[in-house]
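Chain by chain, the residues run as shown.
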Amino acid sequence: MAAKLDRAQVTDTALRLLNDVGLDGLTLRRIATELDVKAPALYWHFANKQALLDELATEMLRRMTASAEPPAPDAPWQDHLLAACRVLRRALLGYRDGAKVFSGTLLTDGAHARQQETQLDVFRRAGFTPTEAVDAFFTAYSFTIGFVIEEQAVHPLPGERTPGYDSAERAERIGPDHPLATAAGEDLFGDHERRFERGLAIVTAGVAALARR
C-alpha cells in the first residue's frame, strides 16, 4: 500500500478530511490512518504539516483555476479584480477552514503564473505601473482572505453556524448602554454576500481613486 501511495492521493485525502476535522484536526497521523498506512509513509511526500498545507493550497488553486471562467482579456481592470476575488471566495468556502489553509502558504508550482500574467497585463494596459498593479491585487486578495476567515468563523461550511454568533445573544451581552454597537451585530454576523460585495466596491473605488492621482 505504501509503495503505491503518491502525493496526489495524500493531497486529495487531506482535502476530504479537512471538511470533517478542520485545520486543527488535520494531522499527518490522521491522514495516514485514513489511507491505512503508517505515518512515516507520508514523510516521503511531505516533510511536515506546513509542506502539506502548501500543497493543499496549491491544489485548491488548481481546482479553482480549472473551473473558473475569467473575463475577456480586454475587459476593464475592475472586472478582472472583482472576478478574481469572487472566484477565490467561492473556492475557499468549499472547504472547512479553507481561508486559513490558503493564507500564508507557499505555492508548490508555477501554474498560477499564467493567470497572474493576464491580470497584471490588464492593469498595465490600463496605465498602472507594475507596482501599482501588484498593490491593487494584493489589497483585494488580502481583503478576500480576511473576509472569508471571519465568515468561516460564523459559517464553517455552508449551512453550518457556529454557536455564539447570534446578534440577539450579543446584544444581551453588550447591554443597553451601547446602542450603536448592539445594532451592528446584525451586519457583523449576517448577510455575508452583501457585505463582501460592499467591501469589494470599497476596495475597487480606492484603487480607482489612487490611480487617478
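Scoring rules and cut-offs
Residues numbered from 1 in each chain as written. Predicted model: local features only at pLDDT ≥ 70, side-chain atom pairs only at ≥ 80, totals over all residues. Heavy atoms only, no water. Helix = DSSP H or I, 4+ residues; strand = E, 2+ residues; numbered from the N terminus. Buried < 20%, exposed > 50% of the residue type's maximum accessible area, 1.4 Å probe, protein only. Core = buried A, V, L, I, M, F, W, Y, C linked by side-chain atoms within 4.5 Å. Contact = heavy atoms within 4.5 Å. Salt bridge = Lys/Arg side-chain N within 4 Å of Asp/Glu carboxyl O. Phe/Tyr/Trp six-rings, centres within 6.5 Å; stacked < 30°, edge-to-face > 60°. Lys NZ or Arg CZ within 6 Å of the ring centre and 35° of its normal.

Draft legend 1. Focus on unusual backbone geometry. Even without being a glycine, Asp 36 presents a positive backbone phi close to 60°. Summarising the element assignment, Asp 36 is placed in the loop between helix H2 (28-35) and helix H3 (49-67). The class of Asp 36 is exposed, set by a relative accessible area of 64%. The phi dihedral of Asp 191 falls on the positive side, at around 50°, and the residue is not glycine. Tracing the chain through its elements places Asp 191 in the loop between helix H9 (179-189) and helix H10 (192-212).

Draft legend 2. Representation of the nonpolar core within the structure. Ile 31 and Leu 42 are the most contacted members of the largest nonpolar core, which totals 33 residues. Mapped by element, the contributors of at least two residues to this core are helix H1 (7-25), H2, H3, helix H4 (77-92), helix H5 (98-102) and helix H7 (130-154). By residue number, the principal contributor to this core is H3, which donates seven residues. Look past the residues within four positions of Leu 42 in its chain and what remains in contact with it is Leu 5, Val 10, Leu 28, Ile 31, Ala 32, Leu 35 and Val 37. Core analysis: the second largest hydrophobic core is formed by 17 residues, Val 122, Ala 133, Ala 136 and Phe 137 among them.

Draft legend 3. Summary view of the pattern of salt bridges. A complete count under the given rule lists 17 salt bridges for this structure. The partner of Asp 12 in a salt bridge is Arg 63, with the nearest N and O atoms 3.1 Å apart. Placement of the pair is Asp 12 in helix H1 and Arg 63 in helix H3, with a sequence separation of 51 residues. For Asp 12, a relative accessible area of 34% translates into the label partly exposed. Residue classification places Arg 63 among the partly exposed residues on the basis of a relative accessible area of 31%. We note a salt bridge from Glu 34 to Arg 16, for which the minimum N-O separation is 4.0 Å. Pair noted here: Glu 34 is in helix H2 and Arg 16 is in helix H1, with a separation of 18 residues, a long-range link. Residue classification places Arg 16 among the partly exposed residues on the basis of a relative accessible area of 44%. It is possible to trace a salt-bridge network through shared partners that takes in Arg 7, Asp 12, Arg 16, Arg 30, Glu 34, Glu 55, Glu 59, Arg 62, Arg 63 and Asp 109.

Draft legend 4. Looking closely at the packing of aromatic side chains. In total, this model carries 10 aromatic pairs according to the counting rule given. Ring geometry for Phe 102 against Tyr 141: centres 6.5 Å apart, planes inclined by 55°, an arrangement best described as tilted. In this pair, Phe 102 is assigned in helix H5 and Tyr 141 in helix H7, connecting sequence segments 39 residues apart. Residue classification places Phe 102 among the buried residues on the basis of a relative accessible area of 8%. For Tyr 141, a relative accessible area of 27% gives the class partly exposed. Aromatic pair Phe 147 and Phe 196: ring centres 5.3 Å apart, planes at 55°, arrangement tilted. Residue Phe 147 is found in helix H7, and its partner Phe 196 is found in helix H10; the two are separated by 49 residues along the sequence. Here the two residues Phe 147 and Phe 196 agree in accessibility, since each one is buried. Each member of the aromatic cluster is reached from another via a ring pair, and the members are Trp 77, Phe 123, Phe 128 and Phe 137. The cationic tip of Arg 89 hangs over the ring face of Phe 196; the distance from NZ or CZ to the ring centre is 4.8 Å.

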